[in-house]
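# Observations on the model geometry
Here are the chains, one letter per residue:
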There are 2 protein chains.
Amino acid sequence: MNPQTRKDVILLPNTPSILGWASIAGKKEGQGPMGFCFDVIEPDSHFGKETWEQAESELQRRTVELMLSHARCTTAQVDAVFGGDLINQCTSATFGMRHLGIPFLGIYGACSTMAEGLLLSSLMVDGGHMQHCAAVTSSHFSGAERQFRFPLSYGGQRTPNAQWTATAAGSVMVGECSRPPYVRGVCIGCITDPAITDANNMGAAMAPAAADTILRYLMATHTSPADYDAIVTGDLGVVGSDLLLTLAAQNGYDLSAVHRDCGVMMFDNTTQDTHAGGSGCGCSASILCGYFLPKIAAGEIKNLLFAATGALLSPMLCQQGETIPCISHLVHLSFTTGGTL
Amino acid sequence: MNPQTRKDVILLPNTPSILGWASIAGKKEGQGPMGFCFDVIEPDSHFGKETWEQAESELQRRTVELMLSHARCTTAQVDAVFGGDLINQCTSATFGMRHLGIPFLGIYGACSTMAEGLLLSSLMVDGGHMQHCAAVTSSHFSGAERQFRFPLSYGGQRTPNAQWTATAAGSVMVGECSRPPYVRGVCIGCITDPAITDANNMGAAMAPAAADTILRYLMATHTSPADYDAIVTGDLGVVGSDLLLTLAAQNGYDLSAVHRDCGVMMFDNTTQDTHAGGSGCGCSASILCGYFLPKIAAGEIKNLLFAATGALLSPMLCQQGETIPCISHLVHLSFTTGGTL
């Protein structure tokens, strides 16, 4: 085996298209500054089900079915769906998808799941192995709080740097087509561990992962932040976003003019009491699908880096004194298939 | 979008090779009938660590490092590693891989994880996006029992159809090369749900998923069981294996002459009190890497279907009265790159 240059930054020669997308959000998310952009706002936090876990599965199922209708695609036409979520054993995805009959590939990237699923779907189509490959993810405030921190009825006080898990989902379909948005490149995240042990400070934990992935992509492609209309992180929130800009600046990259964070965008802390911002797989997934993809399709945004971040947080390992490893996967979305950025 | 034939059965035109593999097993697994085939048998069930979760992360790290040495590959040469496991938030993989600096893609397929990781790695290499892509998974008896059923110190009596989670791990490296074993085709599993709610009867829950995937591959490739030297399931155990043969026979396929189940192979119930057999991600992963891959490399086995099965089991959802959805992913491994089987 010869030495080689690692191919963790991968440019996609066939630039697959995103054929369809959908977003569904909960009531609080609908009342926030991004409420205008989601396809559906569901006022019932139980989504007609009895438990939070069943509610999130229902949310994911509805989002995929809405995405399929937007992509004008039947379940029988989908080669595979990449799905995952935060709930133990990824049940929102597996229980949400179990009756659709679509070949299923389970993934786990915590809040980076949308980027991981979109990245893998794009590689499947670009490599010629699939024609239509979907990705879906979700999060639900009540289920996530119970699992990762405290049950809501415990009434624990939230710290200033805590984030608010969004009740939301997003789904996309990647395929061979000749219309934007196109996927031009991806960067697979490396696990970083800044040795943070506080499950209420995930933004700070995740920022180094985002910086690592974004800077690796910029360096490998010889591009600068000015080449992009937006460099979007998943859910760093206020604390993590500041840290990302600092880390990038220390490496000679000024992201301040183009950086957007879905966690910061999702809520208005002055009226919604969400502290450092939104979080959860569904936060960046729903804002990607509700806000950014339509803007790229319309040409209002020409080039965008979507770098969702995940805190690979485990309550049991936290209780054992472990730190929180984090990861960020990146997808380069574009209005055009090539040429200058 | 035109109607199409779904591509969930994918033949790999470039037939990537498995460049290296490794297996590490625990003491009980080493004392069983497969003990002769593992690279390492570790007598310390804590793997030198303080908790079961840390032990399993250490097991996974050691297995990847051993696999890299077998593949004569440095961490810097690996484009990505697909990793997953049974423990909540996939911590065995994320904590095990966090210091290796290899781009990481988290997957969740319960005990089908080895097949899912091998399948995805093979597609990455076959599609030309990566040169070296690894997969790893593991399970640990003590951590899994505590999480999914009862802590060991509770002393719960095991049912006759219960299986024994293997303490074991396996890892493979897929790359471009011209030596066997080759990956010739894959089949992505659909989630099946036979409405079983008993977390101690996973073999019966998983058998329909295995039957669905294996029969879809045979039908799509116009092959019969006689074309393969072995059709290997992950960990159906005694109960699930019988059910698989029955389900296949009902559809006109006699698998009895070639079917092997890693769960049945792993332990000797007459002396090891393991009831229906072994289970866990590491069961099929370690037997694939310890036993089957060397035989394919040596030409003793010409064609093999590896169909690992996963029970997408969630203790919380079981407590909510939910059933256990299951999945099986398949990889066709071969001594040759083409021609007649």
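Going by the structure above, here's the rest.
Below: a short report on this structure. Within any chain, residue numbers begin from 1 and follow the written order of that chain's sequence. Labels are handed out in written order, letters beginning with A for the chains and numbers beginning with 1 for the ligands. The predicted nature of this model means local features are confined to residues of pLDDT at least 70 and side-chain atom pairs, given and counted, to a pLDDT of 80 or more, with totals for whole chains, interfaces and linings taken over all residues. As a rule here, side-chain values cover all heavy atoms of the structure and leave hydrogens and water aside.

Quick look at the overall build of chain A now. Starting at the N terminus, helices and strands are each numbered in turn, a helix being any DSSP run of H or I of at least four residues and a strand any DSSP run of E of at least two. When helices and strands are tallied, chain A shows 11 helices and 14 strands. Two things to know: the radius of gyration comes from C-alpha atoms, and the globule rule equals 2.2 Å times the number of residues to the power 0.38. On C-alpha atoms alone, chain A measures out to a radius of gyration of 18 Å, which is about the 20 Å that the 2.2 N^0.38 rule sets for 341 residues. Reported as C-alpha extents along the three principal axes, the dimensions of chain A are approximately 55 × 50 × 45 Å. Only protein chains enter the accessibility calculation, which uses a 1.4 Å probe; a residue is then buried when its area is under 20% of its type maximum, exposed when over 50%, and partly exposed in between. Counting every position in chain A, which comprises 341 residues, the buried fraction comes to 67%. Of the contacts made within chain A by residues no fewer than 6 positions apart, 79% connect residues no fewer than 24 positions apart. In the form shown here, chain A has an accessible surface area of approximately 10700 Å², with 51% of it arising from carbon and sulfur atoms. Contact definition: two residues touch when any of their heavy atoms are within 4.5 Å. Every accessible area reported is derived by Shrake-Rupley at a probe size of 1.4 Å, with residue values counting cover from the shown protein chains alone.

Contact residues are listed per partner, giving 72 residues for chain B and 72 residues for chain A. Between chain B and chain A lies a buried interface of about 5900 Å² when both sides are counted; carbon and sulfur atoms form 60% of it. The partner of Arg98(B) in a salt bridge is Glu322(A), with the nearest N and O atoms 3.0 Å apart. The term polar contact refers here to a pair of N or O atoms within 3.5 Å; inside protein, the definition further demands a hydrogen-donor-capable atom paired with an acceptor-capable atom, and it admits residues adjacent in sequence only when both atoms are side-chain atoms. Remark: the boundary between chain B and chain A carries 20 residue pairs in polar contact (both at pLDDT 80 or more). Buried area adds together the accessible area that both of two parts lose upon being put together, with accessible area traced by a 1.4 Å probe. One speaks of a salt bridge when a side-chain nitrogen belonging to Lys or Arg is within 4 Å of a carboxyl oxygen belonging to Asp or Glu.

Okay, the layout of surface pockets next. A water-sized probe rolled over the atoms picks out the places where empty space is left. A 1.4 Å probe that fits but cannot get out identifies a cavity on a 1 Å grid over protein atoms alone, an open set with protein on both sides within 12 Å along at least five of seven lines counts as a pocket, and a residue lines either if it has an atom within 4 Å of a point. Grid points are joined across faces, edges and corners, and a volume is the space filled by probe spheres set on the points. In this structure, the largest pocket encloses a volume near 500 Å³. Lining the largest pocket are 23 residues, with Asn88(A), Gln147(A), Asn88(B), Gln147(B) and Met316(B) sitting closest to its centre. Counting residues per element, the ones that place at least two in the lining of the largest pocket are helix H5 (141-148) and helix H11 (315-319) of chain A together with helix H5 (141-148) and helix H11 (315-319) of chain B. In the lining of the largest pocket, the residues fall into 9 nonpolar, 10 polar and 4 charged. Polar here means any residue outside two lists: the nonpolar Ala, Val, Leu, Ile, Met, Phe, Trp, Tyr, Cys and Pro, and the charged Asp, Glu, Lys and Arg; Gly therefore counts as polar.

This brings us to the nonpolar core. One recurring pattern in soluble globular proteins is that nonpolar side chains are buried together. What we call a nonpolar core is a set of buried Ala, Val, Leu, Ile, Met, Phe, Trp, Tyr and Cys residues that are connected through their side-chain atoms within 4.5 Å. Judged by nonpolar contacts, the single largest core of 119 residues is most densely connected at Met173(A), Ile214(A), Met173(B) and Ile214(B). Setting aside its immediate chain neighbours within four residues, Ile214(B) contacts Ile231(B), Thr233(B), Leu244(B), Leu255(B), Ala307(B) and Leu330(B). Of all hydrophobic cores here, the second largest spans 106 residues; its members include Ile188(A), Leu333(A), Ile10(B) and Met114(B).

Let us now look at the pattern of salt bridges. Residues and elements named next belong to chain B. Summed over the entire model, instances satisfying the criterion amount to 20 salt bridges over all chains. Across the pair Glu53 and Arg146 runs a salt bridge whose closest N-O atoms are separated by 2.6 Å. Here Glu53, found in helix H2 (residues 52-70), pairs with Arg146, found in helix H5; they are 93 residues apart in sequence, far enough to count as distant. Taking the relative accessible area as the measure of exposure, Glu53 reaches 2% and is therefore buried.

What follows concerns the state of the cysteines. Residues and elements named next belong to chain A. A pair of sulfur atoms, both from cysteines and within 2.5 Å, is called a disulfide here. Under the criterion given, the structure shown has 0 disulfides over all chains. In this model Cys177 remains outside any disulfide bridge; the closest cysteine sulfur is found in Cys73, 12 Å from its own. The class of Cys177 is partly exposed, set by a relative accessible area of 30%. No disulfide involves Cys318; its sulfur sits 10 Å from the nearest other cysteine sulfur, which is in Cys326.

This part takes up the environment of Asp126(A). Inspection of the secondary structure assignment puts Asp126(A) in helix H4 (residues 113-126). Taking the C-alpha atoms as reference, Asp126(A) lies 17 Å from Leu105(A); in sequence the two are 21 residues apart. In this view, Asp126(A) contacts Leu12(A), Pro13(A), Asn14(A), Thr15(A), Pro16(A) and His129(B); residues no more than four positions away in its chain are not counted.

Classification of ring pairs rests on two measures: the distance between centres of Phe, Tyr or Trp rings, Trp counted by its six-membered ring, which must be within 6.5 Å, and the angle between planes, read as stacked under 30 degrees, edge-to-face over 60 and tilted in between. In the structure shown here, the tally under the stated rule is 8 aromatic pairs over all chains. Ring plane angle 20° and centroid distance 4.7 Å describe the contact between Phe150(B) and Tyr154(B), whose orientation is recorded as stacked. For Tyr154(B), a relative accessible area of 57% puts it in the exposed group. Geometrically, the ring pair formed by Tyr291(B) and Phe292(B) is edge-to-face, given 4.9 Å between the ring centres and 80° between the ring planes. Assigned by exposure class, Tyr291(B) and Phe292(B) land together as buried. Charge-over-ring contacts are defined here by two conditions on Lys NZ or Arg CZ: a distance within 6 Å of the ring centre and an angle within 35 degrees of the ring normal. The ring of Phe267(A) carries Lys28(A) above its face, with NZ or CZ at 6.0 Å from the centroid.

For a regular strand, side chains alternate in direction, first toward one face of the sheet and then toward the other. Residue and element names in this part refer to chain A. Summarising burial for strand S13 (residues 303-311): 9 of the 9 residues are buried, a large majority. A two-sided burial pattern is seen for S13, the buried positions comprising Asn303, Leu305, Ala307, Thr309 and Ala311 on one face and Leu304, Phe306, Ala308 and Gly310 on the other. Across 4 bridges, the pairing between strand S10 (residues 230-233) and S13 is parallel. Counted as the bridge partner of Ala230 is Leu304 from S13. Paired strands, in this sense, are two strands between which DSSP finds at least two bridges. The pairing of S13 with strand S14 (residues 326-334) spans 9 bridges and is antiparallel. Bridge assignment links Ala307 to a residue of S14, and that residue is Leu330.

What follows concerns a nonpolar patch on the surface. On the surface, Val238(A), Val239(A) and Val264(A) cluster together into a nonpolar patch covering about 200 Å² of accessible area. Following the sequence through the fold, Val238(A) ends up in helix H7 (residues 237-250). Here the term patch refers to residues with relative accessible area over 30% and no salt bridge, with like charges joined within 9 Å and nonpolar side chains (Val, Leu, Ile, Met, Phe, Trp, Tyr) within 5 Å.

Okay, H5(B) next. Since one α-helical turn is 3.6 residues long, residues separated by three or four positions face the same way. Residues and elements named next belong to chain B. Of all 8 residues in H5, 7 are buried, a share of seventy percent or more. Listing the buried residues of H5 in full gives Phe141, Ser142, Gly143, Ala144, Glu145, Gln147 and Phe148. Tucked inside the fold, the buried residues of H5 contact H2, strand S6 (132-139), strand S7 (164-165) and H11.

Attention now goes to the relation of the copies chain B and chain A. Between the two copies of this chain, the relationship is a rotation about some axis together with a displacement along it. Least squares is the method used to superpose the copies, on C-alpha atoms of residues holding a pLDDT of at least 70 in both. For the pair chain B and chain A, the best superposition has an RMSD of 0.0 Å and corresponds to a rotation of 180° with a translation of 0.0 Å parallel to the axis. Here the transformation between the copies is reduced to the relation of a two-fold axis.

Residue and element names in this part refer to chain A. Among the secondary structure elements, Cys111 is positioned in the loop between strand S5 (104-106) and H4. Since its relative accessible area comes to 6%, Cys111 is described here as buried. Excluding residues within four positions of it along the chain, Cys111 makes contact with Leu86, Asp235, Gly280, Cys281, Ser284, Ala308, Thr309 and Gly310.

This part takes up the side chain of Gln54(A). Its location among the elements puts Gln54(A) in helix H2 (residues 52-70). There is a polar contact of 3.5 Å between the side chain of Gln54(A) and the backbone nitrogen of Glu50(A). The contacts of Gln54(A), once residues within four sequence positions are left out, are Lys49(A), Gln320(B) and Glu322(B).

All names here are of chain A. The convention used is that axes are lines fitted to C-alpha atoms, helices contributing only their stretch in contact, and that angles between N-to-C directions extend from 0 to 180 degrees. Running from N to C, H4 and helix H10 (residues 281-297) cross one another at 55°; their axes reach a closest spacing of 8 Å. Our classification of the angle between H4 and H10 gives oblique. Touching Thr113, Met114 and Leu118 of H4 are Cys281, Ala285, Leu288 and Cys289, all from H10. In the contact of H4 with H10, the residues fall into 6 nonpolar, 1 polar and no charged. Relative orientations are named as follows: roughly parallel for angles under 35 degrees, roughly antiparallel for angles over 145 degrees, roughly perpendicular for angles from 65 to 115 degrees, and oblique for any other angle.

Attention now goes to unusual backbone geometry. The step from Pro180(A) to Pro181(A) runs through a cis peptide bond, and the omega angle for that step is 0°. Positionally, Pro181(A) belongs in the loop between strand S8 (168-175) and strand S9 (182-187). Despite not being glycine, Asp273(A) has its phi angle at roughly 55°, a positive value. Assignment of secondary structure puts Asp273(A) in the loop between helix H9 (269-272) and strand S12 (278-279). Judged by its relative accessible area of 48%, Asp273(A) is partly exposed. Its identity as a non-glycine residue notwithstanding, Arg72(B) has a phi of 50°, on the positive side. Among the secondary structure elements, Arg72(B) is positioned in the loop between H2 and strand S4 (80-85). A relative accessible area of 71% places Arg72(B) in the exposed class.

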